[in-house]
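Results of the structural survey
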Amino acid sequence: QVQLVESGGGLAQPGGSLRLSCAVSGRTYILAWFRQAPGKEREFVSAIRWSTDSTYYADSAKGRFTIHGDNARNTAFLQMNSLKPEDTAVYYCAGRAYGGSYTDPNAYDYWGLGTQVTVSS
């Protein structure tokens, strides 16, 4: 059974940075970050394919967020820079053991409990 535990959320000012971590127990093929703001659907942010270190980003994250994985520590990170108030959401780590669409939340089998990110002055 795969377990995912997020950490690193908190309060940041607009233009600031936060780094989220996802500790993974078990094996996954793709690990992704999603976010969900109040009253909105869960949306894809970024993903990494462990075997090739290939990375994928939503348009809203390109140029500001960076995902990378540490295989030795079985941990994935999401570095978020130039944060905006619209980045405020609960951020979830998700994983699955096979390929396919990386943007569809229904394609993921394993989810963390989420970590709150609030961007406000």
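Just so you know, these numbers come straight off a predicted model, no measurement behind them. (Residues numbered from 1 in each chain as written. Predicted model: local features only at pLDDT ≥ 70, side-chain atom pairs only at ≥ 80, totals over all residues. Heavy atoms only, no water.)

**Considerations on the environment of P14**
Here P14 lies in the loop between β2 (10–12) and β3 (18–25). The partly exposed category is assigned to P14, whose relative accessible area is 41%. Look past the residues within four positions of P14 in its chain and what remains in contact with it is L83, P85, V119, S120 and S121. (Helix = DSSP H or I, 4+ residues; strand = E, 2+ residues; numbered from the N terminus. Buried < 20%, exposed > 50% of the residue type's maximum accessible area, 1.4 Å probe, protein only. Contact = heavy atoms within 4.5 Å.)

**What to know about the pattern of salt bridges**
A complete count under the given rule lists four salt bridges for this structure. Among the ionic pairs, R64 bridges to D87, the shortest N-O distance being 2.7 Å. You can see R64 sitting in the loop between β6 (54–57) and β7 (65–70) and its partner D87 sitting in the loop between β8 (75–80) and β9 (89–96), a full 23 residues away along the chain. You'll find R64 and D87 in the same group, each marked buried. Among the charged side chains, a salt-bridge network with shared partners connects R35, E43, R64 and D87. (Salt bridge = Lys/Arg side-chain N within 4 Å of Asp/Glu carboxyl O.)

**Observations regarding the side chain of S46**
Residue placement: S46 occurs in strand β5 (residues 43–49). The buried category is assigned to S46, whose relative accessible area is 0%. Engagement of the side chain of S46 in a polar contact is seen with the backbone oxygen of Y56, the distance being 2.9 Å. (Polar contact = N/O pair within 3.5 Å; in protein donor to acceptor, adjacent residues only side chain to side chain.)

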